[in-house]
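Structure at a glance
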Amino acid sequence: MVERLADAEAAFRRYEAVRARLPAARFPAAPVFARDLGEVADRWEGFVLDAYGVLNVGETPIPGAVARMAALRAQGKRLCVLTNAASYGRAEALAKYRRLGFDFTAEEVVSSRDVAMARIGALMPGAHWAAIAAAGDRFADVPGRAGDAVADPGLFDGADGVLFLSSQRWTAALQARLIAALARRPVPVVVANPDLVAPVEDGLSQEPGLFAHDLMDQVGVAVHWFGKPFGEGFADVCARMDMAPEQLAMVGDTLHTDVLGGRAAGMGAVLVADHGLFAGRDVRGYIARSGIVPDAVVATT
């Protein structure tokens, strides 16, 4: 059974346990500590923003985050959201941010789902996907064919590959069903959200990356990762913004996805400490234990 990650300590230990599967990066000797993103903004020309824990927690905007984005724009800073939320594509993500009060344009949002969909057609042309997805997903953006494998787990026995987009409807029984199917007939698994957890109003949600690493532990299946900390999303952001990585800082709430991914991509990294994974905890200990060192740690966006 997959261990439920109930708090930051449990999530941190699991991230460390799968560290060998994550990109390698170089880090500064020590971070600068500051009150908010505005205090370190002069160091970079643009900011790549995680959503959960930086802009919002669940369906609630972080206090001051909308004003901070406006202030950064007034300073001439470029902005782009890079989110691992893959339940829906960029249009749905953009609609959510606007509903929360942010003014991002379509060109300023890159979702890991979009990153994956741009590549899996070449990875497996014309494939039939058993998709693990949110309710109501029509799969209009999926190359090839896709069916709802949560509603019809029999798809695991005949599809060319498994496409893991959302864990909203995922259960321990379905995880066991998938493991058994992959043990009998190994097929590639594409994961469009490598996160183990995400902060929501009442704690931490369990995300697709958690279950995908369990698949690798159980049956050694080939997993193709799209989303932070892996490089394709960062490359897409740089292309979208027409900026070099060193001009940008990745701003996020997680060491093993945002900070590690940003640094591996050649960007700076800013850890937001008070609203996301490490809310209420001293991040210094986690930085020391992991050796994943951001350029700056700020209390809030």
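One structure accompanies this document, and this report is about it. Computed from a predicted structure; not experimentally measured. (Residues numbered from 1 in each chain as written. Predicted model: local features only at pLDDT ≥ 70, side-chain atom pairs only at ≥ 80, totals over all residues. Heavy atoms only, no water.)

Turning our eyes to something else, we now look at the packing of aromatic side chains. By convention here, two paired aromatic rings are described through the distance between centres and the angle between planes. Enumeration over the complete set of coordinates arrives at 9 aromatic pairs. Ring geometry for phenylalanine 164 and phenylalanine 211: centres 6.3 Å apart, planes at 20 degrees, overall stacked. On the criterion of sequence distance, the pair formed by phenylalanine 164 in strand β9 (residues 161–164) and phenylalanine 211 in helix α7 (residues 208–219) is long-range, its members being 47 residues apart. In this structure, phenylalanine 164 and phenylalanine 211 share a single accessibility class: buried. Plain terms: the ring middles of tryptophan 225 and phenylalanine 230 are 5.7 Å apart, the flat faces sit at 10 degrees to each other, and that makes the pair stacked. Note on accessibility: tryptophan 225 and phenylalanine 230 belong to one class, buried. Each residue in the set Phe156, Phe164, Trp170 and Phe211 is aromatic and connected to the rest through ring pairs, giving one cluster. Directly above the ring of phenylalanine 33 sits arginine 284, whose terminal nitrogen or CZ lies 4.2 Å from the centroid. (Phe/Tyr/Trp six-rings, centres within 6.5 Å; stacked < 30°, edge-to-face > 60°. Helix = DSSP H or I, 4+ residues; strand = E, 2+ residues; numbered from the N terminus. Buried < 20%, exposed > 50% of the residue type's maximum accessible area, 1.4 Å probe, protein only. Lys NZ or Arg CZ within 6 Å of the ring centre and 35° of its normal.)

By secondary structure assignment, the location of alanine 106 is in the loop between α3 (90–99) and β6 (109–111). In sequence terms alanine 106 and alanine 95 are 11 residues apart; their C-alpha atoms lie 9.5 Å from each other.

The geometry of a pair of packed helices is captured by two quantities: the angle between their axes and the separation between those axes. Two elements in contact, helix α6 (residues 172–184) and α7, have axes separated by 10 Å at closest approach and are oriented at 40 degrees. Classed by the angle they form, the pair α6 and α7 counts as oblique. Judged by the sense of rotation from one axis to the other, the crossing of α6 with α7 is right-handed. Residues Gln175, Leu178, Ile179, Leu182 and Ala183 of α6 form the contact with α7, whose participating residues are Phe211, Asp214, Leu215, Gln218 and Val219. Here the residues of the contact of α6 with α7 are counted per class, giving 7 nonpolar, 2 polar and 1 charged. (Axes fitted to C-alpha atoms, helices over the stretch in contact; angles between N-to-C directions. Parallel < 35°, antiparallel > 145°, perpendicular 65-115°, else oblique. Left-handed = near helix turned anticlockwise from the far one by under 90°. Contact = heavy atoms within 4.5 Å. Nonpolar A, V, L, I, M, F, W, Y, C, P; charged D, E, K, R; others polar.)

Remark on secondary structure: sheet strands pair via backbone hydrogen bonds, oriented parallel or antiparallel. With parallel pairing, the 5 strands of this open sheet are ordered in space as β8-β7-β9-β10-β13. At either margin of the open sheet sits one strand with a lone partner, and together these are β8 (145–148) and β13 (223–225). Between one strand axis and the next, the sheet turns through 25 degrees on average, direction left out of account. Here strand β7 (residues 128–132) runs beside β8; their pairing, made up of 4 bridges, is parallel. (Pairing = 2+ DSSP bridges.)

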